[in-house]
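Working through the structure, step by step
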Amino acid sequence: MIAVSGLFMFFIALSIHFSININGTLALMSIITGAVATSRLHVKAHSYLELILGCFIGMFPQLILVNYWL
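Because the structure is predicted, anything quoted here is derived from the model rather than measured. Sequence order as written defines residue numbering, which begins from 1 separately in each chain. The predicted origin of the model limits local features to residues at a pLDDT of at least 70 and limits the giving and counting of side-chain atom pairs to 80 or more, whereas totals for whole chains, interfaces and linings rest on all residues. Note: side-chain values were computed over all heavy atoms of the structure, leaving out hydrogens and water.

Nonpolar side chains (Val, Leu, Ile, Met, Phe, Trp, Tyr) within 5 Å and like charges within 9 Å form the patches, drawn only from residues with over 30% relative accessible area and no salt bridge. Residue-level accessible areas treat just the shown protein chains as cover; the underlying method is Shrake-Rupley with a 1.4 Å probe. Each reported salt bridge corresponds to a side-chain nitrogen of Lys or Arg within 4 Å of a carboxyl oxygen of Asp or Glu. On the surface, a cluster of nonpolar side chains totalling about 450 Å² of accessible area is made up of Leu 7, Phe 10, Phe 18, Ile 20 and Trp 69. Residue contributions to the nonpolar patch peak at three residues, all from helix α1 (residues 2–18). Along the chain, Phe 10 falls in helix α1. Segments assigned H or I by DSSP are reported as helices when at least four residues long, segments assigned E as strands when at least two residues long, and all are numbered from the N terminus.

And the structure:
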């Protein structure tokens, strides 16, 4: 979740910074993020709280770096 959500947030920042339309990529990343979360829940590797925490941990560094990049 950390890696996928970090990559997802990077694509969002990339779209904002360059003002390009990558809605297809963002939709695909949203589906991939959901698939990763669902698979982790299905195999009982993580709980809901761990997945949400992993998502925030992955997005937090990207949000910090966006302030320096944009």
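The discussion continues.
The next thing to look at is the confidence of the model for the chain. Summary of the metric used: pLDDT quantifies the predictor's per-residue confidence within the range 0 to 100. Predicted confidence across the chain gives a mean pLDDT of 93, with 99% of residues reaching 70 or more. Across the chain, helix α2 (residues 23–42) holds the top mean pLDDT of 96, while helix α3 (residues 48–69) sits lowest at 92.

UniProt positions are given in the numbering used here, feature names are shortened, and annotations may be inferred rather than shown by experiment. Mapped onto the present numbering, the UniProt feature "transmembrane region" (unreviewed entry) falls at residues 6–36 and 48–69. Annotated as 87% helix and 0% strand, the span residues 6–36 places its first and last C-alpha atoms 13 Å apart. The straight-line gap between the two end C-alpha atoms of residues 48–69 is 32 Å; of that span, 100% is helix and 0% is strand.

As a further point, take the nonpolar core. Core analysis: the largest hydrophobic core is formed by 11 residues, namely Met 1, Val 4, Phe 8, Met 9, Ile 22, Leu 26, Met 29, Ala 37, Leu 51, Cys 55 and Met 59. Residue contacts are defined here by distance: any two heavy atoms, one from each residue, within 4.5 Å place the two residues in contact. Discounting residues that sit within four places of it in the chain, Met 9 has contacts with Met 59, Gln 62 and Leu 63. Among buried residues, those of type Ala, Val, Leu, Ile, Met, Phe, Trp, Tyr and Cys that are joined through side-chain atoms within 4.5 Å constitute a nonpolar core. When accessible area is computed with a 1.4 Å probe and restricted to protein chains, residues below 20% of their type maximum are described as buried, those above 50% as exposed, and intermediate ones as partly exposed.

Here we take up the packing of aromatic side chains. Here a Phe, Tyr or Trp ring, Trp counted by its six-membered ring, pairs with any other such ring whose centre lies within 6.5 Å, and the pair is stacked when the planes are under 30 degrees apart, edge-to-face when over 60, and tilted otherwise. This structure, assessed with the given rule, holds one aromatic pair. Centroid distance Phe 10 to Phe 11: 6.0 Å. Interplanar angle 55°. Geometry classified as tilted. On the basis of relative accessible area, Phe 10 is assigned to the partly exposed category, the value being 34%.

Note on geometry: axes are C-alpha line fits, over the in-contact stretch for helices, and angles between N-to-C directions span 0 to 180 degrees. The contact between α1 and α3 brings their axes to 7 Å, and the two run at 30°. By the angle between their directions, the pair α1 and α3 is classed as roughly parallel. As α1 runs across α3, the sense of the crossing is right-handed. Facing α1, whose interface residues are Ile 2, Ser 5, Gly 6, Phe 8, Met 9, Phe 10, Ala 13, Leu 14, His 17 and Phe 18, α3 presents Gly 54, Cys 55, Ile 57, Gly 58, Met 59, Gln 62, Leu 63, Val 66 and Trp 69. Three classes are used, and their members are as follows: Ala, Val, Leu, Ile, Met, Phe, Trp, Tyr, Cys and Pro are nonpolar, Asp, Glu, Lys and Arg are charged, and the others, Gly among them, are polar. For the contact of α1 with α3, the residue count by class is 13 nonpolar, six polar and no charged. Orientation is classified from the angle alone, with under 35 degrees giving roughly parallel, over 145 giving roughly antiparallel, 65 to 115 giving roughly perpendicular, and any other angle giving oblique. Helix crossings are classified by the rotation of the near helix relative to the far one: an anticlockwise turn of less than a right angle makes the crossing left-handed, while a clockwise turn makes it right-handed.

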